Amino acid sequence: MDHQDGTFKSALTERAGIPQPNSVNPEFLTSYVKKKTLTVDDYVDGILVGNRVILSRAITLVESSHPDHQATAQAVIERCLPHSGKSIRLGITGVPGAGKSTFIEALGVMLVNKGHKLAVLAVDPSSERSKGSILGDKTRMEELSGMENAFIRPSPSAGSLGGVARKTRETIILCEAAGFDTTIVETVGVGQSETAVHGMVDFFLLIQLANTGDELQGIKRGIMEMADAIAINKADGDNIPKAKVARTQFSNALHLFPPTESGWVPVVETCSAYTKDGIENIWNIVQNYIKHMQSNGYFEHKRREQSRKILSETIDEALLANFYHNLEIKQRLKSTIDEVLKGQVSPYIAANELLKGYFQ
């Protein structure tokens with residue numbers, strides 16, 4: 001009882017002004033999407049509106065080797081294909097320690113701040129053996145990975161280079177359909193992965209260092225010939241004079257190569273991913289290259305050639321998988337290998353006999 005006005009006030013009455021918790025968990029929808037079995041329509045609709053959870057689940061389907069997952073993934077890709085092809089695809093490679101991840105973060109942050117939507121992918125056929133480095137890269141790219149318009153995806157699970165490259169190509173299609181206008185594909189492995197990445201991007205950037213003594217030693221001619229530009233990274237502090245010398249060396253080396261089919265003259269530029277100096281110059285080079293390629297029609301020509309190559313590679317992969325899954329081949333393979341190892345039959349003859357049995 002209130003002694004002043006005579007009204008009764010219960011001690012159990014809830015005080016006004018205390019905020020009450022939301023009756024619906026704000027994470028419910030995200031959790032629901034993660035657990036729900038999605039249809040092809042669910043995947044496509046989610047990707048086209050830029051839903052990150054559904055995009056990630058679609059990429060997981062692409063990476064899966066389960067037949068049912070692959071069937072769904074291919075149906076999703078087919079539906080997303082008309083909405084793809086509009087991003088700039090940038091491939092980045094470089095020797096270990098060249099600072100690829102730091103460079104990608106510096107470039108990526110700059111692009112996102114300019115209003116771009118960026119996807120960062122990786123090609124690493126050796127991740128099962130070496131665990132790769134893209135997961136470490138993701139933790140080091142703290143600023144970029146925390147940006148709303150950036151999407152960093154670890155490498156697909158280990159397998160043949162062709163299989164990993166195919167999955168990365170298909171992931172590019174999904175990311176483009178989700179509205180990402182710039183895609184960076186990083187080579188995490190070494191060797192032939194550079195060739196695989198070159199075959200799926202518009203612009204191929206080689207990152208080099210200037211403190212290795214003879215900069216041209218150990219650089220494969222093939223990688224140099226594939227490069228549309230070379231970035232001499234870590235050009236800061238006392239390393240700036242060395243970087244300028246390296247730029248001259250690489251420029252001279254590039255002029256020894258035959259002219260490119262597109263008419264583009266590869267450019268060598270210095271930069272520092274640490275201080276951010278020169279990063280915008282590298283992006284300007286990429287844009288100039290794209291304009292040059294689009295003006296002479298080579299941009300579309302290159303994309304068509306890549307599609308033709310994908311067709312051939314997909315047929316090769318399908319035939320190879322079908323061969324090794326053939327019941328008769330499975331039954332004969334172990335004994336045939338034993339005969340070859342014991343020197344009882346030539347590997348060439350054994351291979352021909354297996355192929356004869358397969359085609360018959």
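Presented here is a report on the structure given in the accompanying data block. Owing to the predicted nature of the structure, the values given are computational and were not obtained by experimental measurement.

**Overview of the packing of aromatic side chains**
Here is step 1: Counted under the stated rule, the structure contains 6 aromatic pairs.
Here is step 2: Seen in terms of ring centroids, Phe203 and Tyr289 are 5.0 Å apart; in terms of plane orientation they differ by 80 degrees. Their pairing is edge-to-face. Remark: Tyr289 occurs in helix 13 (residues 279–295) and Phe203 occurs in strand 5 (residues 203–208); sequence separation between them is 86 residues.
Here is step 3: Overall, the relative accessible area of 0% leaves Phe203 in the buried class.

**Points about the side chain of Asn233**
Here is step 1: For Asn233, the location among the structural elements is in the loop between strand 6 (229–232) and helix 12 (240–254).
Here is step 2: Of the polar contacts made by the side chain of Asn233, one reaches the backbone oxygen of Ala98; its length is 2.9 Å.
Here is step 3: A distance of 3.1 Å separates a polar side-chain atom of Asn233 from the backbone nitrogen of Ala273.
Here is step 4: Each residue touching Asn233, except ones within four places of it in the same chain, is listed here: Ala98, Gly99, Phe103, Ile207, Gln208, Leu209, Cys271, Ser272 and Ala273.

**Side note on the pattern of salt bridges**
Here is step 1: According to the stated counting rule, one finds 13 salt bridges in the structure shown.
Here is step 2: Among the salt bridges present, the one from Glu280 reaches Lys114, with a minimum N-O distance of 2.9 Å. In this pair, Glu280 is assigned in helix 13 and Lys114 in the loop between helix 5 (100–113) and strand 2 (118–123), connecting sequence segments 166 residues apart.
Here is step 3: Overall, the relative accessible area of 40% leaves Glu280 in the partly exposed class.

**Section: the nonpolar core**
Here is step 1: Ile47, Leu55, Leu174, Cys175, Met224, Ile230 and Ile232 are the most contacted members of the largest nonpolar core, which has 49 residues in total.
Here is step 2: Tallying contributions element by element places helix 9 (residues 161–177) first for this core, with 7 residues.
Here is step 3: Residue contacts for Ile230: discarding those within four places in its chain leaves Leu205, Leu206, Gln208, Met224, Phe250, Leu254, Val267, Val268 and Glu269.
Here is step 4: Within the second largest apolar cluster, 39 residues are counted, among which are Ala150, Ile152, Ala229 and Tyr298.

Each value, and the rule that gives it
- Residues numbered from 1 in each chain as written.
- Predicted model: local features only at pLDDT ≥ 70, side-chain atom pairs only at ≥ 80, totals over all residues.
- Heavy atoms only, no water.
- Phe/Tyr/Trp six-rings, centres within 6.5 Å; stacked < 30°, edge-to-face > 60°.
- Helix = DSSP H or I, 4+ residues; strand = E, 2+ residues; numbered from the N terminus.
- Buried < 20%, exposed > 50% of the residue type's maximum accessible area, 1.4 Å probe, protein only.
- Polar contact = N/O pair within 3.5 Å; in protein donor to acceptor, adjacent residues only side chain to side chain.
- Contact = heavy atoms within 4.5 Å.
- Salt bridge = Lys/Arg side-chain N within 4 Å of Asp/Glu carboxyl O.
- Core = buried A, V, L, I, M, F, W, Y, C linked by side-chain atoms within 4.5 Å.

Function-wise, these values are silent; they only describe arrangement.
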